[in-house]
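Each chain, letter by letter, is given below.
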Amino acid sequence: MVQVSTAAEDFPFYLDKEAFKQSVQRHLHTTYGTVESKANSLAWWKATCSAINELVFEGLTETHKKHSGIDTRAVHYLSLEFLMGRLTRNNLYNLGIFETARDALTELGQDIDTLCSEEPDMALGNGGLGRLAACFIDSLATLGYPAIGYGIHYEHGLFRQEFRDGHQIERPDSWRDYGNPWEICRPESIQKVPLYGYVETEFGPNGKMRKVWHPGEMIRGVPWDIPVVGFGGHTVNILRLWESRADDYFDWDVFNAGGYVDAQAEKARAEAISKVLYPNDETLAGKELRLTQQYFFCCCSLQDMLRRYKRRHDDFSHFAEQIVIQLNDTHPTIAIPELMRQLVDLEGLKWEEAWAISQQVFAYTNHTLLPEALEKWDVVLFEHVLPRHLEIIYEINHRFLDEVVAKKWPNDDQMKQRLSIIEEGNPRMVRMAYLGVVGCFKTNGVAYMHSELIKKELFPYFYELWPERFTNVTNGITPRRWLKACNPRLSALFDEAVGTHWPTDLTLLRQVVAKADDPKFQKRFMAIKHQNKQDLAKVILQLTGVEVSAEAIFDIQIKRLHEYKRQHLNMLHILTLYRRLLQDPDLDIQPRVFIFGAKAAPGYKLAKDIIFGINKIGERINADERIKGKIKVVFLPNYRVSLAEQMIPAGDLSEQISTAGKEASGTGNMKFALNGALTIGTMDGANVEIREEVGDENIFIFGLSADEVSSKLKAGYNSRDYYYNNPELKAILDWLDSDYFTPNQPGALASIKRSLLDGGDPFLCLADYESYICAQQAVDQAYRDKARWAKMAIINSASVGKFNSDRSIQDYVDTIWKLKSYPAIE
Ligand code: NTF
């Protein structure tokens, strides 16, 4: 064991360098069977993880003892995605032993940065929704709340992106090819999951009717636990991820009759469930495998909860006191009928009793207003996969329409149709978001504006019915990963300025506002930004071969590629500047590097065309000597959490330019502001609240408001008006028809122009173009005045304490979860 003392330190796991060194060496020898002279970085990294795990596992055991000892209420966070990224650096910081470990490794001849970069990203999510789940479990552990995350142990996370001649190519992501040192398999908690088959009505001896599901298939769910170390090391919770396996059952008769091949095929089918993460962001995948994934992990997780509850209780009267379940979007709403099934069919509760419990247990977070992201399932498909659940949903719906809707709006069949969980179309569909609202005691949005739109536009009648059920919890980010660990230079400056407690109380940084005018402080702040930019310049060179100068404005847009996020509006600005420079090579603009990172869903043609467009335009611009390097464009391949950690500290300008009313919140906007980038953005999602915090003079807001967008669309928006009325805009759009950027391939970029004209420009790029270009000019002006820019950057960094995910979690606790904090290790 590593020698741990709880001496005079803040952190319980104080340990000395010698002890850590010895532990790493011992693991190198006895866990990985190698020696110092032979070991490569991968082996050193793994040995380091094993040394860290000695502390992590101790924390895990203590936390488990504490929480099960007091049998406390806990939150169960159900999410199809957890975008964890890398854990080594994060665990070291959260345990308070980063410096000790770094120095120990240096003495062993190892560089900690090199070792940390051996870790593959755990990319079990698409974007904001999955990363939010990861920030939330960090905050829950940091605040000492009893919590468990439940999800899927995908064999392949989000695809690895490569570019070939500017086009996106998808390659499988294999994050655990060589084993993952953080996870622990728990075969003792395997669960069985029924699927398919049919339902029979049976009558018991007392004449009581009951439903019996005869499944056509059984799958096993094997849990893998990832310890989640809270900052300060006082609590270590777990993230439990389920892997699907074929059931043990082996039919020897079939085997002997030559069924070996069939048996293997069945095994492959069972294992397919947790094989791969669906790479769609903001679009539903109405595929059987997707529904099976959703049910699989909800069924396992609920059995796990019931098993633990039943160890201590003989009936279900305390279930709702002990358990609250947060549904991360509609993806896990199937858990609602599944809990009903387990309580009614398996535990023998009356429907009314079970429903009363269920309604006190579930809460639902909505993350999007885009209609194409709101999940609906074809009733026929649903019945095929989950015949019993469809019956239960019908029953829930029937009671809801008869007992609730009919009371509020008597004799109003239209209202019944509007609010029905079943959409009566061809085909008939199950509306999962409606099931969520009906089955949950709270529904929340993720930023103030988004929560208002949920009430007014998404669920207006449900809001009329149950106003008390709707609430807001504005998103947040963990300042541990998104400042302390990823930006050590700025962290050190803040330690000096306000002390070392800001990673848990980010509002302390407000004191720094007082220094925003201080030339000395400005100089130090901007020197750090400059160093971070130089670091990123090296990464850019390595990944793209393009040389960029840290003197230029680093203008960054990183997020999933989607029309509503409007990377193509950014592209129009680049084309505008390029054209102006060609017309006047002496044009006085501040040099800029446009930096992108984004993955497109593999089936989203236009999104892939936009990536191709930006790559091709970049190639031409970067090679054009006439413009003297005043602008450069780079698209970094394979954007992911670990790349974001290198990009965000180096940003000057953060592009948050979604069409107003479309981005539920955004969280990248918060990360950039915290690291001293200025935002150029629309009045959308959390931008609105960022503006409130940093002040109107420290942010570049442009474009139509959400109200203006919706009236414009209602009045009949015609993008061609803008095209014909603005010659510069027309010229750059027409450029896309030529072969200027794609030699010998004329029209290769035409689809982008087409979507903006023939396609009707559904996200109003052209309507916002002029105002965007003006805002960009204001950015250019502001950057010329070094002192002014520094002041604005400092104020941003110092003013966004509200967006700490600890605050979000505390809001959830106060308004929804009602938990008590029990840090395990004092
Ligand atoms: C995303 N939603 C939203 O688009 C972001 O604005 C928000 O910040 C994150 O959720 C986290 O709340 C989705 O990814 C999804 F799947 F719901 F569409």
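The shown structure was predicted, so the numbers you read here are calculated from the model rather than taken from an experiment. (Residues numbered from 1 in each chain as written. Predicted model: local features only at pLDDT ≥ 70, side-chain atom pairs only at ≥ 80, totals over all residues.)

Engineer: Looking at this model, I keep getting lost on the overall build of the protein. Mind explaining?
Structural biologist: Tallying secondary structure elements over the protein gives 32 helices and 25 strands in all. In terms of overall size, the protein behaves like a compact globule, its C-alpha atoms giving a radius of gyration of 28 Å where 826 residues would be expected to give roughly 28 Å. Overall, the protein is about 95 × 70 × 60 Å in size when its C-alpha atoms are taken along their principal axes. A burial count over the protein gives 50% of its 826 residues as buried. A separation threshold of at least 6 residues defines the contact pool for the protein, and within that pool the share at least 24 residues apart is 75%. (Helix = DSSP H or I, 4+ residues; strand = E, 2+ residues; numbered from the N terminus. Rg over C-alpha atoms; globule rule 2.2 N^0.38 Å. Buried ≥ 20, exposed ≤ 12 C-beta atoms within 10 Å, placed from the backbone. Contact = placed C-beta atoms within 7 Å.)

Engineer: Would you take a moment to explain the site of the ligand for this structure?
Structural biologist: With respect to spatial proximity, 18 residues lie near the ligand, and among them G128, L129, H367, T368 and S665 are the closest. Its residues placed into classes, the shell around the ligand shows 5 nonpolar, 9 polar and 4 charged. When we break the shell around the ligand down by domain, the ones giving at least three residues each are domain 1 (71-86 + 121-474 + 811-817) and domain 2 (479-701 + 769-803). (Near = placed C-beta within 6 Å. Nonpolar A, V, L, I, M, F, W, Y, C, P; charged D, E, K, R; others polar. Domains from an automatic or database assignment.)

Engineer: Which parts of the structure should I look at to understand the packing of helix α10 (residues 335-346) against helix α11 (residues 351-361)?
Structural biologist: Helix-helix packing: each pair is described by the crossing angle between the helix axes and the interaxial distance. Close contact between α10 and α11 brings their axes to 9 Å; oriented N to C, the two are set at 140°. Judged on the interaxial angle alone, α11 and α10 are oblique. Crossing hand, α10 versus α11: right-handed. Contact residues: α10 offers I336, L339, M340, L343 and V344, while α11 offers W351, A354, W355, I357, S358 and V361. Grouping the constituent residues of the contact of α10 with α11 by class yields 10 nonpolar, 1 polar and no charged. (Axes fitted to C-alpha atoms, helices over the stretch in contact; angles between N-to-C directions. Parallel < 35°, antiparallel > 145°, perpendicular 65-115°, else oblique. Left-handed = near helix turned anticlockwise from the far one by under 90°.)

Engineer: Looking at this model, I keep getting lost on the sheet that holds strand β20 (residues 553-558). Mind explaining?
Structural biologist: Note: strands within a sheet are paired through backbone hydrogen bonds, in either parallel or antiparallel orientation. Strand order across the open sheet formed by 6 strands is β22-β21-β20-β23-β24-β25, with parallel pairing between neighbours. Strands with a single pairing partner mark the edges of an open sheet, and in this sheet they are β22 (631-635) and β25 (700-701). Bridging between strand β23 (residues 653-656) and strand β24 (residues 678-681) involves 4 bridges; their strand directions are parallel. Paired with S654 across the two strands is T679, which belongs to β24. Against the sheet, helix α21 (residues 567-583) makes contact with β20, β21 (592-597), β22 and β23, and its axis sits at roughly 150° relative to β22, the strand it touches most. (Pairing = 2+ DSSP bridges.)

Engineer: Hey, could you run me through the packing of helix α8 (residues 288-310) against α10 in this one?
Structural biologist: Where α8 meets α10, the axes come as close as 10 Å, and the angle between the chain directions of the two elements is 45°. The orientation of α8 relative to α10 falls into the category oblique. Viewed along their axes, α8 and α10 form a crossing whose handedness is right-handed. Each of C298, C299, L302 and L306 in α8 lies in contact with α10, whose residues at this interface are A335, E338, L339 and Q342. When its residues are assigned to classes, the contact of α8 with α10 shows 6 nonpolar, 1 polar and 1 charged.

Engineer: What should I look at first to understand the environment of V437 in this one?
Structural biologist: Secondary-structure assignment places V437 in helix α15 (residues 432-439). With 26 C-beta atoms packed within 10 Å, V437 lands in the buried category. The contacts of V437, once residues within four sequence positions are left out, are Y364, T443, F459 and F462.

Engineer: Just to check I follow, could you spell out the nonpolar core for this structure?
Structural biologist: Within soluble globular proteins, side chains that are nonpolar tend to cluster in buried spots. I137, F296, A335, I574, I595 and I611 are the most contacted members of the largest nonpolar core, which has 233 residues in total. Here this core takes 10 residues from helix α2 (residues 41-70), the largest share from any one element. Counting contributing residues, this core receives three or more from each of domain 1 (71-86 + 121-474 + 811-817) and domain 2 (479-701 + 769-803). (Core = buried A, V, L, I, M, F, W, Y, C linked by C-beta atoms within 7 Å.)

Engineer: I tried to follow unusual backbone geometry on my own but got confused; where do I start?
Structural biologist: The omega torsion across N426 and P427 is 5°, close enough to zero to call that bond cis. Summarising the element assignment, P427 is placed in the loop between β16 (422-423) and β17 (429-431). Of note in this structure, Y196 is not a glycine but carries a positive phi near 60°. Examined against the element boundaries, Y196 turns out to sit in the loop between β8 (191-195) and β9 (198-203). Given 15 C-beta atoms within a 10 Å radius, Y196 is considered partly exposed. Of note, the phi angle at D761 is positive, near 50°, even though the residue is not glycine. Structurally, D761 is set in the loop between α29 (750-756) and α30 (765-784).

Engineer: Help me understand the sheet that holds strand β15 (residues 376-378) in this model?
Structural biologist: The antiparallel open sheet is built from 3 strands, whose spatial order is β15-β17-β16. Each edge of the open sheet carries a strand with a single partner, namely β15 and β16. Two elements, β15 and β17, share 3 bridges in a ladder whose sense is antiparallel. Within the sheet, the bridge partner assigned to D378 lies in β17 and is M429.

Engineer: Looking at this structure, how should I read the pairing of strand β2 (residues 82-85)?
Structural biologist: A two-sided burial pattern is seen for β2, the buried positions comprising F82 and M84 on one face and L83 and G85 on the other. Summarising the sheet, β2 and strand β3 (residues 122-124) pair through 3 bridges and their orientation is antiparallel. Within β3, the residue paired with G85 across the bridge is M122.

Engineer: What is the right way to read the pairing of β20 from this model?
Structural biologist: A regular strand carries its side chains on alternate faces of the sheet. The buried fraction of β20 is high, at 6 of 6 residues. Here β20 shows a buried face lined by I553, D555 and Q557 and a second buried face lined by F554, I556 and I558. Bridge count between β20 and β21: 6 bridges; the pairing is parallel. By the bridge assignment for β21, Q557 is matched with F596. With α21 bridging β20 and its parallel neighbour β21, the resulting β-α-β unit is right-handed. (Right-handed = clockwise from strand over helix to strand, strands pointing away.)

Engineer: How should I be thinking about α15 in this particular structure?
Structural biologist: An α-helical turn contains 3.6 residues, so any two residues separated by three or four positions project in the same direction. Among the 8 residues in α15, 8 count as buried, and that is most of the element. Three or more residues of α15 are buried, namely M432, A433, Y434, L435, G436, V437, V438 and G439.

Engineer: For this particular structure, what's the right way to read the domain arrangement of the protein?
Structural biologist: Size of an interface, as often reported, equals the accessible area lost when the parts are brought together. Taken domain by domain, the protein holds domain 1 (71-86 + 121-474 + 811-817) and domain 2 (479-701 + 769-803). The centre of domain 1, based on its C-alpha atoms, is set 36 Å off from the matching centre of domain 2. Each partner contributes to the interface: domain 1 provides 39 residues, whereas domain 2 provides 31 residues. Those elements that provide at least two residues to the side of domain 1 that touches domain 2 are β2, α6 (128-142), β5 (160-164), β6 (167-171) and α16 (448-458). At 5 residues, the largest contribution of residues to the side of domain 1 that touches domain 2 is made by α6. Of the residues contributing to the side of domain 1 that touches domain 2, the split by class is 14 nonpolar, 16 polar and 9 charged.

Engineer: I tried to follow α30 on my own but got confused; where do I start?
Structural biologist: Compared with an ideal rise of 1.5 Å per residue, which puts 20 residues at 28 Å, α30 spans 28 Å between its outermost C-alpha atoms and is within 8% of the ideal. At S771, α30 shows its largest bend, some 30°. (Expected span 1.5 Å × (residues − 1). Bend = angle between axes of the 7 residues up to and from the residue.)

Engineer: Explanation requested: the environment of G681 in the structure shown.
Structural biologist: Locating G681 in the fold gives a position in strand β24. Put simply, G681 and I701 are 20 residues apart on the chain and 5.1 Å apart in space, counted from C-alpha to C-alpha. In this structure G681 touches Q656, I657, N669, N687 and I701, once residues within four positions along its chain are discounted.

Engineer: Looking at this structure, I do not really get the environment of T30. What am I missing?
Structural biologist: Inspection of the secondary structure assignment puts T30 in helix α1 (residues 17-30). Classification of T30 as exposed rests on a count of 10 C-beta atoms within 10 Å. Separated by 693 residues in the primary sequence, T30 and Y723 place their C-alpha atoms 69 Å from one another.

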